[in-house]
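# Coordinate analysis (summary)
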Amino acid sequence: MSVVYSSQPPREQVLAARARRARAWAWPVRLALLVCIGTAIWQEPRLAPWVHARMQEAVAYAGAAIEGAPGPGTLLAGMGGGSSSSGNKAGLSGWFIDTVMR
């Protein structure tokens, strides 16, 4: 009578390992999907007009927060300078908003 040894792990371990890999990949894939959706809405406002409007409000709010923040925020706001064509001297946040809004 010969004894046959299986070199494969039990099925439960295989399924548990597969589930761990799936959970590990779930959040980066979800994040990438949200970035793609946000980019699409930013470029084409007709996809979700109310989301696009909220994104513009968020950019304006972030720009105001960066310019009004003491410490490192003030340094960040002073970097980059304004766009020479518009004469805007709002710093890095103004340059970013000018560039993105074109």
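Everything below is about the structure shown above.
These numbers were taken from a predicted model, which means no experiment stands behind them. (Residues numbered from 1 in each chain as written. Predicted model: local features only at pLDDT ≥ 70, side-chain atom pairs only at ≥ 80, totals over all residues. Heavy atoms only, no water.)

## Notes on the overall build of the chain
What counts, and what does not: A run of H or I in DSSP counts as a helix once it spans at least four residues, and a run of E counts as a strand once it spans at least two, with each numbered from the N terminus. Each residue's exposure class comes from its accessible area (1.4 Å probe, protein chains only) as a fraction of the maximum for that residue type: buried when under 20%, exposed when over 50%, partly exposed otherwise. Whether two residues are in contact is decided by their heavy atoms, any of which lying within 4.5 Å being enough. Each accessible area is a Shrake-Rupley result for a 1.4 Å probe, and residues are judged covered by the shown protein chains and nothing else.
Scanning the chain from terminus to terminus reveals four helices and zero strands. Its helices and strands in sequence order give the chain the pattern α-α-α-α, from N to C terminus. For the chain, the proportion of its 102 residues judged to be buried stands at 13%. Restricting the contact set of the chain to residue pairs at least 6 apart, pairs at least 24 apart contribute 19%. Counting every atom, the chain has about 8300 Å² of accessible surface; 66% of that belongs to carbon and sulfur.

## Re helix H1 (residues 11-43)
Selection rule: An expected span of 1.5 Å times one less than the residue number is assigned to each helix. To get the bend at a given residue, fit one axis to the seven residues ending there, fit another to the seven starting there, and take the angle between those axes.
With 33 residues, H1 extends 47 Å from end C-alpha to end C-alpha; this agrees with the ideal 48 Å at 1.5 Å per step. In H1, a bend of some 30° at Ala26 exceeds every other bend along the element, and Pro28, a proline, comes one to four places later.

## Looking at the pattern of salt bridges
Quick note on the threshold: What counts as a salt bridge is simple: a side-chain nitrogen of Lys or Arg found within 4 Å of a carboxyl oxygen of Asp or Glu.
Applying the stated criterion to the full structure yields two salt bridges. Between Arg54 and Glu57 there is a salt bridge whose closest N-O contact spans 3.8 Å. Placement of the pair is Arg54 and Glu57 together in helix H2 (residues 49-68), with a separation of three residues, close to one helical turn. Judged by relative accessible area, Arg54 falls into the exposed class, the value being 55%.

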